[in-house]
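The residues making up each chain are set out below.
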Amino acid sequence: MMKKKRLSASKASLVLFLCQMISALDVPLDSKLLEELSQPPTITQQSPKDYIVDPRENIVIQCEAKGKPPPSFSWTRNGTHFDIDKDAQVTMKPNSGTLVINIMNGGKAEAYEGIYQCTARNERGAAISNNIVIRPSRSPLWTKEKLEPHQVREGDSLVLHCRPPVGLPPPIIFWMDNAFQRLPQSERVSQGLNGDLYFSNVQPEDTREDYICYARFNHTQTIQQKQPISVKVFSTKPVTEKQPILLTPTGSTSTKVELRGSVLLLECIAAGLPTPGIHWIKEGGELPANRTFFENFKKTLKIIDVSEADSGNYKCIARNILGSAYHVISVTVKAAPYWITAPRNLVLSPGEDGTLICRANGNPKPNISWLANGVPIAIAPEDPSRKVDGDTIIFSHVQERSSAVYQCNASNEYGYLLANAFVNVLAEPPRILTPVNKLYQVIADSPALLDCAYFGSPKPEIEWFKGVKGSILRGNEYVFHDNGTLEIPVAQKDSTGTYTCVARNELGKIQNEVQLEVKDPTMIIKQPEYKVIQRYGQVSFECIIKHDSTLLATVTWLKDNDELPDDERFLVGKDNLTIMNVTDKDDGTYTCIVNTTLDSVSASAVLTVVAAPPTPAIIYARPNPPFDLELTGQLERSVELSWIPGDENNSPITSFVIEYEDGLHEPGVWHYQTEVPGTQTTVQLKLSPYVNYSFRVIAVNEIGRSQPSEPSEQYLTKSANPDENPSNVQGIGSEPDNLVITWEPLKGFQSNGPGLQYKVSWRQKDVDDEWTSVIVANVSKYIVSGTPTFVPYEIKVQALNDLGYAPEPSEVIGHSGEDLPMVAPGNVQVHVINSTLAKVHWDPVPLKTVRGHLQGYKVYYWKVQSLSRRSRRHVEKKILTFRGNKTFGMLPGLEPYSSYKLNVRVVNGKGEGPASPDKVFKTPEGVPSSPSFLKITNPTLDSLTLEWGSPTHPNGVLTSYVLKFQPINNTHELGPLVEIRIPANESSLILKNLNYSTRYKFYFNAQTSVGSGSQITEEAVTIMDEVQPLYPRIRNVTTAAAETYANISWEYEGPDHANFYVEYGVAGSKEDWKKEIVNGSRSFFVLKGLTPGTAYKVRVGAEGLSGFRSSEDVFETGPAMASRQVDIATQGWFIGLMCAVALLILILLIVCFIRRNKGGKYPVKEKEDAHADPEIQPMKEDDGTFGEYSDAEDHKPLKKGSRTPSDRTVKKEDSDDSLVDYGEGVNGQFNEDGSFIGQYSGKKEKEPAEGNESSEAPSPVNAMNSFV
């Protein structure tokens, strides 16, 4: 216990000591200073530790270093001095330590295998390089072996061994056939990490004689081939299915050690029929997100950038329908040493203290050792100022002789780290790096910064004085910066003067003077003002300035924050801007900007141009075309064109447009060449080689352009090399293994000569490779095949013709073809926001796995089931796309109280990558939809029966139904509202204690725990007495529309003697309804005078029943015809024919009734005898009804109907032919004079209150009486 206390106290003293140390000096990056200061060597460049060289090329071992004085170099080989002077094949580069071993002139690379180390030394110390292990690459041949053919039964497993020769570095293995085509691989057939080809089960199509294993040695660019292997599969019926067994690895467990930061590859390949699938898990944990990838059809688990946290047991499970097999791989992650704190260079003054700290970690823990100038510190010359304490070297009161280079070596069994750090002890008098008498100029009332850059060892102290013999500067009006700069926050005119900076340390003192001038600010004392000017007038803006007399001021005018138009009407004077002959386009904001070397000010004003007063009419017209074109001074690349202008027609010519025709490449096509001011009649034109030129000139004024002039004489220029290269060069792959290079070809006149071709060149970017080139003609595309997937390429396309090449083209970057992304997004999370909205998050995939241009992510989501019904339905997947590298998105429009699944996929230009594992989430409850229906039946004096259906979308667990109702009087006024809450499991309700003969309006909705859903409404009427159970209603309004008229028909239930009317109007219009009265009690009406091709709305009402109307119907008249169509229904001959047919049918029905009546007696014989004409009483057919008949005014088709007797009247059992079966209407009346009303009619059963329900047809008896 006491020992621990003493140890803690010792450590505390050390920490206190380190905290009190003076920090090391900062050396300014001044090139002149750095050249003068002594510095120990520093290694700046060296070859890699494990250096595999091509045995056919010279070996270059790099070692570069810097120091003052420049260091000398020496080498050791295998721990002993390597005398390069004694080996003619070895040379060292001048002023460098880099070795060049000449192999191409007779040397053998194998003779120079070994461990090399470079030492750079000067008078201040010695720095050493890493141990560089030189090994030549090897690509040995395959050993001779006799390969027996493989005969395998269908369904069995098979392994074809590759066993490649051991090379350096190891070769890349792949399987191909005799035609050099890669053998297709799948979940059933795949290549293992060891290069063997595994068949989980063989099929007849696997029979072939050319299974060939190839080994590619990249370092020497050679490929070795194994002898072909023959496989013959013979079939046996039936094929036996087999449980999975693991082909590799064998046994149930294995171990693997991997190093931190490397890639972990675990493999499981299984046999079985059907082909087993492979699944990977980590026991007791999750596979690391974003670093886990599955390759080789999930047979290989790949984890990149492994760390100690990835240690553990990884289980692969092979499964098919017959069973499963598994293997557990115990992974241990070790670590080569890695830096925690690498030692850093120290620059100290004599007598100062400092530390070098070297801290590294690894598994196992690395051993830290120190060297001084390349020699183990234990045997290095002693330095009394140095003390080694484990991973720290402490320096106290250093002297110049303490300068040295120290090496820290951190090593364990998996590798080592070596770092050089020097201690440079400098004793330097102060130096001031700021130039002498440097002039600083500032504007009054702004900050002034006076520099005094310095260096010295020990660090000098800085003082400032004003004037040569002034007092030291102190006080709040000055700020002193650590780098020596003096800041005057608010400089005044009296701050002008000489300032002296003094730097001193124990080795000396130095001073430097700088000058400060404080200038007056620049001002605009008369600013430009707002102007309104008439068109074609003159306007002037003033800008009078005042500035410091020692500064040069420049005045610039802008229009709308841009340069003034290049127009001679704009005259810029010393203090003003004048615009002559003002036009509408001169409207805008004009700004005067004044600049000096120290400050800038500006002021603006707006100019508004208005119309000039009217002037006598002048005819303005376009100018006449120029004439008399002449070419002079013909040269290879230029010619002078002159012309005489035509009449300007009262509008000055503002410009001339020169166009040219290329009679050699595009005869008859004129191109724009240039444009010159209207005052110019000659122009020097630049020409292109190999063009047969003709020119024409067009004059332009404010009115427009003239007709072109007559063409000039032709001038053919000589051929030359192309001046330019194709534009818009691009490289985009169309397939994963190609690169399509396209360009915009040169136009004919750009070729500069015959034989135009293109040199297409490409090479892979960031790879030390030569350019590959082809020359093509008459195309604008070239396809490079066999490229790696989605890698950048440098591309250039150069034009050439028979005379030579165009200038060297610029390079563009393209990419070879994209392939589908490799991995799915990980860590998919769903946050449900409410019952219809959720937010999904995911981790982005590594860009290198996208294998293309990242376009975004797609979220697939679908409803699995409703949680309230537990019934599955057809899965309809929805897709949302999120562009770019977005890692979250919103899912709208979800259904409440439902279970959903989703997955996420990354998208590139090729398509979608694999889907992430399905994520399940559930939405909370919402409010339900309205009940599916509400029917009101069985009306009595004081009760109504309600029936309803549950909501189509409950959106949760229904808690109850809410019924609200209130009476409605004849004036549509609403009575008190009554509310009833009904249990959710009920589907009907009888409302009692209602008022008789009263109309009620009902509001009905369902509820969940969230709230109430939308309601459904219905109206119903209680009956007046027991004899009149039906309430009035008009149903089934139908329309048959023609061009200008429509036939409206309906069905009516209610009291007799109703007077109907029809209301109609244009659909969607807000105009009042038009009303037509129906004569009599007919149930049809013809609307005339309608507009062809128009949509109308229509409804039917009954007079005397306030507010009683049918529901609306919408119809559309036919389109207008080219000629008048004759309506056959309105022709007299047609009406007569129909009356004759109706009369014949009537006579036939009377005969049938008479014959039927002779067959039996009715129980109501006495009542029949009382009737005026018993022969017209109806006889019952098998179905109990006859069709209804229309009178002369009613042309409706006959309808068949039926009636159900009431329990309160004559029973059907008493007589099958009772007249009760033919009752009609509320009271079963037969005719219009009131006979037999209520005597034979039964109480009609109330029909369900559903829409579009067919009404009952009138009794045949009524139809007969209407004819009597």
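Everything below is about the structure printed above this text.
Just so it is clear, the structure is predicted and the values come from calculations on it, not from any experiment.

Undergrad: Sorry if this is basic, but what is going on with the overall build of the protein here?
TA: What the protein contains, in helices and strands, is 5 helices and 92 strands. By the burial criterion, 42% of the 1268 residues in the protein qualify as buried. Nonlocal contacts in the protein, meaning residues at least 24 apart in sequence, comprise 65% of its contacts between residues at least 6 apart. Working note: accessible area of the protein is about 67700 Å², and carbon and sulfur atoms make up 50% of it.

Undergrad: Which parts of the structure should I look at to understand the sheet that holds strand 73 (residues 837-843)?
TA: Think of a sheet as strands paired side by side through backbone hydrogen bonds, with each pair either parallel or antiparallel. The 3 strands are arranged 72-73-76 in an open sheet whose pairing can be described as antiparallel. Either end of the sheet is taken by a strand with one partner, and the two such strands are strand 72 (826-834) and strand 76 (888-891). Pairwise comparison of adjacent strand axes, ignoring direction, gives a mean angle of 20° for this sheet. Alignment of strand 73 against strand 76, held across 4 bridges, turns out to be antiparallel. Note that in strand 76 the partner of Val840 across the bridge is Gly889.

Undergrad: Where do I start with the nonpolar core in this structure?
TA: Generally speaking, nonpolar side chains in soluble globular proteins are found buried as a group. Core analysis: the biggest nonpolar cluster contains 28 residues, and Ile59, Ile61, Trp75, Ile101 and Tyr116 have the highest contact counts within it. Going through the elements one at a time, strand 3 (59-61), strand 4 (63-68), strand 5 (72-77), strand 8 (99-101), strand 9 (114-122) and strand 11 (132-136) are the ones with two or more residues in this core. By residue number, the principal contributor to this core is strand 9, which donates 3 residues. Residue contacts for Ile61: discarding those within four places in its chain leaves Ser47, Tyr51, Trp75, Gly97, Thr98, Leu99, Ile101, Tyr116, Ile132 and Ile134.

Undergrad: Help me understand the sheet that holds strand 8, please; the structure alone is not making it clear to me.
TA: Sheet architecture is open: 3 strands sit in the order 3-8-7, paired in antiparallel fashion. Edge positions in the sheet fall to strand 3 and strand 7 (90-92), since each of these pairs with one other strand and no more. Neighbouring strand axes in the sheet, compared pairwise and without regard to direction, differ in orientation by 20° on average. Bridging between strand 3 and strand 8 involves 3 bridges; their strand directions are antiparallel. The residue of strand 8 that forms the bridge with Val60 is Val100.

Undergrad: Sorry, what's going on with the packing of aromatic side chains here?
TA: Note on aromatic pairs: each is described by the distance of the centres and the angle between the planes. On inspection of all chains with the given rule, the structure shows 23 aromatic pairs. Aromatic pair Trp743 and Tyr758: ring centres 5.6 Å apart, planes at 50°, arrangement tilted. Residue Trp743 is located in strand 65 (residues 738-744), and its partner Tyr758 is located in strand 66 (residues 757-764); the two are separated by 15 residues in the primary sequence. Owing to a relative accessible area of 4%, Trp743 belongs among the buried residues under this scheme. A connected cluster of aromatic rings, assembled from ring pairs, spans Phe174, Phe180 and Tyr214. Note that Arg77 overlies the ring of Phe82, its terminal NZ or CZ placed 6.0 Å from the centroid. Over the aromatic face of Trp862 sits the side chain of Lys877, whose NZ or CZ is 4.3 Å from the ring centroid.

Undergrad: Looking at this model, I keep getting lost on the pattern of salt bridges. Mind explaining?
TA: Side chains that differ in sign of charge can pair as their charged atoms come close. The final tally for this structure, using the stated rule, is 39 salt bridges. With a closest N to O distance of 3.2 Å, Lys559 and Asp560 form a salt bridge. Accessibility expressed as a relative area gives 12% for Lys559, which makes it buried. Among the residues examined, Asp560 registers a relative accessible area of 42% and is labelled partly exposed.

Undergrad: Just checking my understanding: could you explain the pairing of strand 81 (residues 958-968) for this structure?
TA: Looking along a regular strand, one sees the side chains alternate between the two faces of the sheet. The element strand 81 is largely enclosed, with a buried count of 8 among its 11 residues. Two elements, strand 81 and strand 84 (residues 999-1008), share 10 bridges in a ladder whose sense is antiparallel. Each bridged residue has a counterpart across the sheet, and for Phe965 the counterpart in strand 84 is Phe1002. With 6 bridges joining them, strand 81 and strand 82 (residues 978-983) adopt antiparallel strand pairing. Within the sheet, the bridge partner assigned to Val962 lies in strand 82 and is Arg981.

Undergrad: What is the right way to read the state of the cysteines from this model?
TA: What makes a disulfide is a covalent bond joining the sulfur atoms belonging to two cysteines. Under the criterion given, the structure shown has 6 disulfides. In this model, Cys268 is linked to Cys316 through a disulfide, with the two sulfur atoms separated by 1.8 Å. Negative torsions about the S-S bond denote left-handed disulfides, and the value of about -70° found for Cys268 with Cys316 makes this one left-handed. With Cys268 in the loop between strand 22 (264-267) and strand 23 (269-273) and Cys316 in strand 27 (residues 312-320), this pair connects stretches of sequence that are 48 residues apart. At a sulfur-sulfur separation of 1.8 Å, the disulfide partner of Cys452 is Cys501. One disulfide, between Cys452 and Cys501, carries an S-S torsion of -60° and so falls in the left-handed class. Residue Cys452 is found in the loop between strand 40 (448-450) and strand 41 (454-457), and its partner Cys501 is found in strand 45 (residues 497-505); the two are separated by 49 residues along the sequence. Of the two residues, Cys452 and Cys501, both sit in the buried class. In the protein, numbering the disulfide-bonded cysteines from first to last in sequence yields the connectivity 1-2, 3-4, 5-6, 7-8, 9-10, 11-12.

Cut-offs used in this document
- Residues numbered from 1 in each chain as written.
- Predicted model: local features only at pLDDT ≥ 70, side-chain atom pairs only at ≥ 80, totals over all residues.
- Heavy atoms only, no water.
- Helix = DSSP H or I, 4+ residues; strand = E, 2+ residues; numbered from the N terminus.
- Buried < 20%, exposed > 50% of the residue type's maximum accessible area, 1.4 Å probe, protein only.
- Contact = heavy atoms within 4.5 Å.
- Areas by Shrake-Rupley, 256 points an atom, 1.4 Å probe, with all protein chains shown as cover.
- Pairing = 2+ DSSP bridges.
- Axes fitted to C-alpha atoms, helices over the stretch in contact; angles between N-to-C directions.
- Core = buried A, V, L, I, M, F, W, Y, C linked by side-chain atoms within 4.5 Å.
- Phe/Tyr/Trp six-rings, centres within 6.5 Å; stacked < 30°, edge-to-face > 60°.
- Lys NZ or Arg CZ within 6 Å of the ring centre and 35° of its normal.
- Salt bridge = Lys/Arg side-chain N within 4 Å of Asp/Glu carboxyl O.
- Disulfide = S-S within 2.5 Å.

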